[in-house]
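One letter stands for each residue in the lines below.
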Amino acid sequence: MAVNTNSPGYMTDGVLTEGEALVWLQSAEPDGDSVQFDSSTGANNWSQYLDLMILGTVRAGTNTTGGADFDMRFNNKSTSDGYEWRRIQGQGSGNSTTDKSGSTSSIRCGQAPCDSENSALYAGVKIELRDINSGKHKHALIHNSTDMNGSGRVMVIAGTFLEQAPVTRIDLVEQLGNGFVNGSRFDLYGLLPSMSNARAT
């Protein structure tokens, strides 16, 4: 796990001076385990960000009968009333929708290929987390695409964390209990508030 705790170079006398709003915070390359991102100090203090974004590549999992689902949790919340999510999925054999409304312990983030398809295959995921420090429920928009060795699958997922506290911890969990396969990688970024003066130069 690599973490950016440097003093924020985009702050001068308490004023935002950086024109680029995207700041790299952490990266994780799991090997048979889950991923945990935590807020800490310096640039990795999440209280200064409007949104967070996670970009990931997920290597084919160990399920030989289908794709390996992976989920996300916030602030170590894992009870069944913590989240809602809805998914639209499309692939070569047809389309489907899934609705998990107020009765789930995590937000689905997508699937990785199964190793029977080809252990060298990958899935890509982009996770956008909105208004992480607001006093309202937190929203996530997720895009997932999976290479299935001759076909493919795409998903768009909208999820809600049903608590009002700021987000200070994110867990990514492979649902089969095997963890993410070596070769997977996740990068966490912070999105600063809009800086109109800096962007105009």
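Since the structure is predicted, the reported quantities are computational estimates derived from the model, not experimental observations.

(A) Examining the overall build of the protein more closely. In terms of regular secondary structure, the protein is built from one helix and 15 strands. Per-residue burial over the protein gives 43% buried out of 201 residues. At a minimum sequence separation of 6, the contacts of the protein that also span at least 24 residues come to 73%. For the protein, the accessible area works out to roughly 9400 Å², and carbon and sulfur atoms hold 46% of it.

(B) View of empty space enclosed by the protein. All chains considered together, the criterion is met by one cavity of 30 Å³ or more. Put simply, the largest cavity is a space of about 50 Å³. Within the residue set of the lining of the largest cavity, elements represented by two or more residues are strand E6 (51-59) and strand E7 (68-74). By residue class, the composition of the lining of the largest cavity is six nonpolar, two polar and two charged.

(C) View of the sheet that holds strand E5 (residues 35-38). Ordered in space as E5-E14-E7-E10, the four strands form an open sheet in which the pairing is antiparallel. Edge positions in the sheet fall to E5 and strand E10 (107-112), since each of these pairs with one other strand and no more. Averaged over all pairs of adjacent strands, the angle between strand axes in this sheet comes to 20 degrees, irrespective of strand direction. Here five bridges tie E7 to E10, and the two strands are oriented antiparallel to one another. Paired with Ala-68 across the bridge in E10 is Ala-112.

(D) Spotlight on the side chain of Thr-104. Take Thr-104: it is sitting in strand E9 (residues 94-104). Within the structure, Thr-104 has its side chain in polar contact with the backbone oxygen of Ser-106 (distance 3.2 Å). Dropping the residues within four chain positions of it, Thr-104 is found in contact with Thr-79, Ser-80, Asp-81, Gly-82, Tyr-83, Glu-84 and Trp-85.

(E) A look at the pairing of strand E13 (residues 152-161). In terms of strand pairing, strand E8 (residues 83-91) meets E13 through nine bridges, oriented antiparallel. The partner of Glu-84 across the bridge, within E13, is Thr-160. Sheet topology places strand E12 (residues 138-147) next to E13; 10 bridges connect them, and they run antiparallel. Residue Asn-144 lies in a different strand from E13, and its bridge partner there is Met-155.

(F) Here's a closer look at the pairing of strand E14 (residues 169-174). The element E14 is largely enclosed, with a buried count of five among its six residues. Relative to E14, E5 runs antiparallel, the two being bridged by four bridges. In the sheet register, Gln-36 faces E14, and the bridge partner there is Asp-171.

Scoring rules and cut-offs
Residues numbered from 1 in each chain as written. Predicted model: local features only at pLDDT ≥ 70, side-chain atom pairs only at ≥ 80, totals over all residues. Heavy atoms only, no water. Helix = DSSP H or I, 4+ residues; strand = E, 2+ residues; numbered from the N terminus. Buried < 20%, exposed > 50% of the residue type's maximum accessible area, 1.4 Å probe, protein only. Contact = heavy atoms within 4.5 Å. Areas by Shrake-Rupley, 256 points an atom, 1.4 Å probe, with all protein chains shown as cover. 1 Å grid on protein atoms, 1.4 Å probe; cavity = no way out; pocket = protein on both sides within 12 Å on 5 of 7 lines; lining within 4 Å. Points joined across faces, edges and corners; volume = space filled by probe spheres on them. Nonpolar A, V, L, I, M, F, W, Y, C, P; charged D, E, K, R; others polar. Pairing = 2+ DSSP bridges. Axes fitted to C-alpha atoms, helices over the stretch in contact; angles between N-to-C directions. Polar contact = N/O pair within 3.5 Å; in protein donor to acceptor, adjacent residues only side chain to side chain.

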